[in-house]
Amino acid sequence: MAAIFVPCAQGVEALLTAELSAITGLHAESARGGAWVDGELRTALQINLECRLGQRVLWPLIEGRYRDEHDLYDLARRVPWVDWITPEQTLRVDVNAQRSPLTSLNFAALRIKDALCDVMREATGARPSVDTRHPTLPLVLFLGPEQASLYVDTSGEALFKRGWRDARGGSQAVKGEAPLKETLAAALLAAAGWQGRADDGPLFDPCCGAGTIAIEAAQLACGIAPGANRSFAFERQLPFQPLRGDWQQLRSAARARVHAPRVPVFAGDVSFRMTDFATRNAERAGVAQAIEFKTADALQRLPPAARGTLIMNPPYGERIAPKGRGQGRDFAAPREAFEGGADAGAFFAALATHWKRHYSGWTAWCLSPEMKLPTLMRLKESRRVPMWNGAIECRLFRFDMVAGSNKAP
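Rules and cut-offs
Residues numbered from 1 in each chain as written. Predicted model: local features only at pLDDT ≥ 70, side-chain atom pairs only at ≥ 80, totals over all residues. Heavy atoms only, no water. Helix = DSSP H or I, 4+ residues; strand = E, 2+ residues; numbered from the N terminus. Buried < 20%, exposed > 50% of the residue type's maximum accessible area, 1.4 Å probe, protein only. Contact = heavy atoms within 4.5 Å. Phe/Tyr/Trp six-rings, centres within 6.5 Å; stacked < 30°, edge-to-face > 60°. Lys NZ or Arg CZ within 6 Å of the ring centre and 35° of its normal. Polar contact = N/O pair within 3.5 Å; in protein donor to acceptor, adjacent residues only side chain to side chain. Pairing = 2+ DSSP bridges. Axes fitted to C-alpha atoms, helices over the stretch in contact; angles between N-to-C directions. Parallel < 35°, antiparallel > 145°, perpendicular 65-115°, else oblique. Left-handed = near helix turned anticlockwise from the far one by under 90°. Nonpolar A, V, L, I, M, F, W, Y, C, P; charged D, E, K, R; others polar. Core = buried A, V, L, I, M, F, W, Y, C linked by side-chain atoms within 4.5 Å.

Asker: Help me out: how do you make sense of the overall build of the chain in this one?
Answerer: Secondary structure summary: the chain contains eleven helices and 15 strands in total. Taken across its 409 residues, the chain has 55% of its residues classed as buried. Contacts spanning at least 24 positions in sequence make up 76% of the contacts within the chain whose residues lie at least 6 apart.

Below is the structure:
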């Protein structure tokens, strides 16, 4: 058994811990920026295939106290590298530090690489090379004030890369779009308690942008594993080679459980360009048949069902502008949209009015960096969940919609 670490976005730790326990059937523990779970090599395969909320699956190699780069070199030399890599393969070392006394993280990474290469040269007469893009053995070094921990990244590319975004640039192909990561979209759904079960009711994203929330929801509704359509670094790493049969069984079982959607998913955007782009993304993700896309203004679109869950990452710039009123303004960052003034304030006030008139019985969830969003919308939130979108601190607000007013009687 080994202590596998799965990092995640800040604010998602408790949700990830519950997910890891459900995936593995093992006890998981929350930690700052992630969660731990004790498991075998096969457990790492399971998590890579099934985890929606984690960023990577890190396998522990060694940990110990350090004072300088020489200590890191000595620590890394104690790892049996010939069990992990051959001279013909490649490596990369990434470093994360918190209150480390070291002045150069690049030099710390270099010393880990030097130790690995020296061990390999002594054992085999040759050494592996460095590949910063697609290494066979990506390593992650965590440095605290006194303790260093070294891990193998078994995922390779981050887990939010589900394999369906356009290889030519994903949603960045659409000018001005900053796509929501799939892992954060999954965290919004998990925080809302929506997991694609029949009793969850319909899911609706009225400002879908690239379609990430809707696609993640549709994959849940269809039982599609998040890692079913991509490759992982562990597939080339030496300790996992005896588990090739296990990996094929896990993938086959995941494909066999895919089914028709248990619950409908609806999505739309005021921009024809974005609706078309989201539709193409859904096709690549294998869920186009599970999502009903519609180009419509969020301020005018009537609810697609009598009851349901509405989840949105509010748009900015031209996608705020009602249809027929020009292109609106493009803002450089979400917070600037709110600081931009009347456009955003008027949009959210009008959106809240529309919800109160037409969405009685719905539960609405909004992710926003604006802590005063309920004031802008003149609604009282029933819950606010701290959550980070990259480096941006946000809140996920829940609004329980009742006809005419959202004030308590």
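Asker: Would you mind showing me how to read the packing of aromatic side chains here?
Answerer: By convention here, two paired aromatic rings are described through the distance between centres and the angle between planes. Following the criterion strictly, the structure yields 14 aromatic pairs and no others. Relative to Trp 247, the ring of Phe 232 has its centre 5.8 Å away and its plane inclined at 85°; by these criteria the two rings are edge-to-face. With Phe 232 in the loop between helix 6 (212-222) and helix 7 (244-256) and Trp 247 in helix 7, this pair connects stretches of sequence that are 15 residues apart. An identical accessibility class is assigned to Phe 232 and Trp 247; each is buried. Measuring from ring centre to ring centre gives 4.9 Å for Phe 347 and Phe 348, while their planes differ by 80°; the resulting arrangement is edge-to-face. As far as the burial class goes, Phe 347 and Phe 348 line up, both buried. The ring of Phe 160 is capped by Lys 181, whose NZ or CZ atom sits 4.9 Å from the centre of that ring.

Asker: How do you make sense of unusual backbone geometry when you look at a structure like this?
Answerer: Note: most residues except glycine have negative phi, and most peptide bonds are trans. With a phi close to 55°, Arg 99 is a non-glycine residue in the positive phi region. Here Arg 99 shows up in the loop between strand 5 (90-97) and helix 4 (105-124). Despite not being glycine, Arg 378 has its phi angle at roughly 55°, a positive value. Note that Arg 378 resides in the loop between helix 11 (373-377) and strand 14 (383-389).

Asker: Teacher, can you tell me more about the side chain of Lys 113 here?
Answerer: Locating Lys 113 in the fold gives a position in helix 4. Side chain to side chain, Lys 113 and Asp 114 meet in a polar contact 3.3 Å long. Excluding residues within four positions of it along the chain, Lys 113 makes contact with Leu 91, Val 93, Arg 127 and Val 130.

Asker: What is the right way to read the sheet that holds strand 9 (residues 203-205) from this model?
Answerer: Within a sheet, neighbouring strands are paired by backbone hydrogen bonds and run either parallel or antiparallel to one another. Across the sheet, seven strands lie side by side as 11-10-9-12-13-15-14; this open sheet has mixed pairing. The sheet is open, and its two edges are formed by strand 11 (291-295) and strand 14, each paired on a single side. Taking the axes of each pair of neighbouring strands and ignoring which way they run, one obtains an average angle of 20° across the sheet. In the sheet, strand 10 (residues 265-269) pairs with strand 11 via five bridges, with the strands oriented parallel. Counted as the bridge partner of Asp 269 is Thr 295 from strand 11. Across the sheet, helix 6 is in contact with strand 9, strand 10, strand 11 and strand 12 (309-312); its angle to strand 10 comes to roughly 170°. Relative to strand 11, helix 8 (residues 272-285) is tilted by about 165°, and along the sheet it contacts strand 10 and strand 11.

Asker: Help me understand the pairing of strand 12 in this model?
Answerer: Regular strands show a simple pattern: their side chains alternate between the two faces of the sheet. Side chains of strand 12 alternate between two faces, with Thr 309 and Ile 311 and Leu 310 and Met 312 buried alike. Bridge analysis of strand 9 against strand 12 gives two bridges, and the strand direction is parallel. Within the sheet, the bridge partner assigned to Leu 203 lies in strand 12 and is Thr 309. As paired strands, strand 12 and strand 13 (residues 363-368) are joined by four bridges and run parallel to one another. Looking across to strand 13, one finds that Leu 310 is bridged to Ala 364.

Asker: I tried to follow the packing of helix 1 (residues 13-24) against helix 2 (residues 41-50) on my own but got confused; where do I start?
Answerer: When two helices pack together, you describe them by how their axes are tilted relative to each other and by the distance separating the axes. As a packed pair, helix 1 and helix 2 sit with axes 10 Å apart at the nearest point and diverge in direction by 120°. Between helix 1 and helix 2, the angle falls in the class oblique. Relative to helix 2, the crossing made by helix 1 is right-handed. Where helix 1 abuts helix 2, its residues Glu 19, Leu 20, Ile 23 and Thr 24 lie against Thr 43, Gln 46, Ile 47 and Glu 50. For the contact of helix 1 with helix 2, the per-class residue count stands at three nonpolar, three polar and two charged.

Asker: Just to check I follow, could you spell out the nonpolar core for this structure?
Answerer: Across soluble globular proteins, you tend to see nonpolar side chains buried next to one another. Core analysis: the biggest nonpolar cluster contains 97 residues, and Ile 291 and Met 387 have the highest contact counts within it. In this structure, Leu 310, Phe 347, Cys 366 and Leu 379 belong to the second largest nonpolar core, which totals 23 residues.

Asker: Explain helix 6 to me, please; I cannot follow it from the model alone.
Answerer: Because each turn of an α-helix spans 3.6 residues, side chains separated by three or four positions end up pointing in the same direction. Most of helix 6 is tucked away: eleven of the eleven residues are buried. For helix 6, the complete set of buried residues consists of Thr 212, Ile 213, Ala 214, Ile 215, Glu 216, Ala 217, Ala 218, Gln 219, Leu 220, Ala 221 and Cys 222. For helix 6, the elements touching its buried residues are helix 5 (182-191), strand 9, strand 10, helix 8, strand 11 and strand 12. Directly after helix 6, the chain includes Gly 223, whose backbone phi takes a positive value near 70°.

Asker: How should I be thinking about helix 3 (residues 69-77) in this particular structure?
Answerer: Among the residues of helix 3, Glu 69, Asp 71, Leu 72, Tyr 73, Leu 75 and Ala 76 are the ones counted as buried. On its buried face, helix 3 sits against strand 4 (58-65), helix 4, strand 7 (137-143) and strand 8 (147-153).

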